[in-house]
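Single-letter residue listing:
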Amino acid sequence: MKAIDQVSITFTSRSANEGFARAAAACFAAQLDPTLDEVADIKTAVSEAVTNAIVHAYPDCLGKIVLRLRLLDGGMLEIQVKDSGVGIPDVDQARTPLFTTGGEERSGMGFTIMESFMDGLRVRSQPGRGTTVTMRKRLAPRAGGPR
């Protein structure tokens, strides 16, 4: 698919930046004239992906997170959250509902939530090198909209 527009934002893995990432994704997606439900889905998925990077990728230090947003042909929004943290030894296990390495305060539902709010989810990871989460969501065409 051909990219029509894109933006890349790099920020530190501080909890406060999760809200920034949500807002940035919602603002970027606004050019597709999404419904309020679509905006809520996007913000929730981004929140989960960024929170995973903050909590799991850099458990004992601060690191960089890259949020890449692309608008593809046909009203497809692609969201990529990339870190250079500790990585995930077993991606299939990490994607299992209720599995967590974050202790009792973590629900282990992050990937499940991302998958339920987006049309596609791909997770690539290498231990010691980081993780890239790529999500796609096709936004419904609206009468008179820019799509």
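Everything here concerns the structure above.
Remember, it's a predicted structure, so these values are computed and weren't measured experimentally.

Colleague: Looking at this model, I keep getting lost on the pairing of strand β3 (residues 76–83). Mind explaining?
Modeller: β3 sits mainly inside the fold: seven of its eight residues count as buried. Sheet topology places strand β2 (residues 64–72) next to β3; eight bridges connect them, and they run antiparallel. Residue pairing in the sheet places Leu 72 in a bridge with Met 76 of β3. Where β2 hands over to β3, the hairpin turn is made up of three residues, of which Gly 74 adopts a positive phi near 75°. Two strands pair when backbone bridges link them, and β3 and strand β5 (residues 130–138) are joined in this way by seven bridges, in the antiparallel orientation. The residue bridging Leu 77 from the neighbouring strand is Lys 137, located in β5.

Colleague: Can you walk me through the nonpolar core in this structure?
Modeller: Side chains of a nonpolar character, in soluble globular proteins, are inclined to be buried together. The biggest cluster of nonpolar side chains holds 33 residues, and the ones touching the most others in it are Ile 42, Leu 67, Ile 79, Val 133 and Met 135. Secondary structure elements with two or more residues in this core: β1 (3–12), α1 (16–29), α2 (36–57), β2, β3, α4 (110–117), β4 (120–126) and β5. Setting aside chain neighbours within four positions, we find Ile 42 in contact with Ala 25, Ala 29, Leu 77, Ile 79, Lys 137 and Leu 139.

Colleague: Quick question: what am I supposed to make of the packing of aromatic side chains here?
Modeller: Two aromatic rings are characterised by how far apart their centres lie and by the angle between their planes. In total, this model carries one aromatic pair according to the counting rule given. Note on Phe 11 and Phe 20: the rings are 6.2 Å apart at their centroids and 80° apart in plane angle, and the pair reads as edge-to-face. We classify Phe 11 as buried; its relative accessible area is 6%.

Colleague: Even after reading the chapter, I still don't get the pattern of salt bridges, so can you show me in this structure?
Modeller: Side chains carrying opposite charge are able to pair once their charged atoms draw close together. Tallied over the full model, the rule gives four salt bridges. The residue Arg 22 makes a salt bridge to Glu 18 at a minimum N-O spacing of 3.9 Å. With Arg 22 and Glu 18 both in helix α1, this residue pair falls four residues apart, about one helical turn. Owing to a relative accessible area of 26%, Arg 22 belongs among the partly exposed residues under this scheme. For Asp 41, the salt bridge identified is with Lys 137, shortest N-O distance 3.4 Å. Placement of Asp 41 in helix α2 and of Lys 137 in strand β5 is noted, with a sequence separation of 96 residues between them. Residues Asp 41 and Lys 137 agree in their burial class; the two are buried. Within the structure, one salt-bridge network assembled from shared partners comprises Arg 70, Glu 78 and Arg 136.

Colleague: Please explain the environment of Arg 14 as it appears in this structure.
Modeller: Relative to the helices and strands, Arg 14 is located in the loop between β1 and α1. Relative accessible area serves as the criterion here: at 48%, Arg 14 is assigned to the partly exposed category. Placed 39 residues apart in sequence, Arg 14 and Ala 53 show a C-alpha to C-alpha distance of 9.9 Å. Contact partners of Arg 14, with chain neighbours within four places excluded, come to Ile 54 and Leu 62.

Colleague: Quick question: what am I supposed to make of the packing of α1 against α2 here?
Modeller: Axes are the key here: two packed helices are described by the angle between their axes and the distance separating the axes. Here α1 crosses α2 at 145°, and the two axes come no closer than 9 Å. Relative to α2, α1 is oriented so that their crossing is right-handed. In contact with Glu 18, Ala 21, Arg 22, Ala 25, Ala 26 and Ala 29 of α1, α2 contributes Val 39, Ile 42, Lys 43, Thr 44, Val 46, Ser 47, Val 50, Thr 51 and Ile 54. Residue composition of the contact of α1 with α2, grouped by class: nine nonpolar, three polar and three charged.

Each value, and the rule that gives it
Think of each chain on its own: its residues are numbered from 1, step by step along the sequence as written. Local features in a predicted model are, by the rule used here, given only for residues with pLDDT of at least 70; side-chain atom pairs are given and counted only at 80 or more, and totals for whole chains, interfaces and linings are based on all residues. To get the side-chain values, take all heavy atoms of the structure and skip hydrogens and water. For each residue, the accessible area found with a 1.4 Å probe, counting protein chains only, is set against the maximum for its type, and the residue is called buried under 20%, exposed over 50%, and partly exposed in between. Secondary structure elements follow DSSP: runs of H or I no shorter than four residues count as helices, runs of E no shorter than two count as strands, and numbering proceeds from the N terminus. Paired strands, as defined in this entry, are two strands with at least two bridges between them according to DSSP. Only buried residues count toward a nonpolar core, which is a set of Ala, Val, Leu, Ile, Met, Phe, Trp, Tyr and Cys residues joined through side-chain atoms within 4.5 Å. A contact between two residues is defined here by any heavy atoms of the two lying within 4.5 Å. Only centres within 6.5 Å qualify two rings of Phe, Tyr or Trp (six-membered ring in Trp) as a pair; their planes then separate them into stacked at under 30 degrees, edge-to-face at over 60, and tilted for everything else. In the sections that follow, a salt bridge refers to a side-chain nitrogen of Lys or Arg positioned within 4 Å of a carboxyl oxygen of Asp or Glu. In this description, a line fitted to the C-alpha atoms serves as the axis of each element, helices being fitted only across the stretch in contact, and the angle between N-to-C directions of two axes falls anywhere from 0 to 180 degrees. In a left-handed crossing the near helix is turned counterclockwise from the far helix by less than a right angle, and in a right-handed crossing that turn is clockwise. Amino acids are sorted into nonpolar (Ala, Val, Leu, Ile, Met, Phe, Trp, Tyr, Cys and Pro), charged (Asp, Glu, Lys and Arg) and polar (every other residue, Gly among them).

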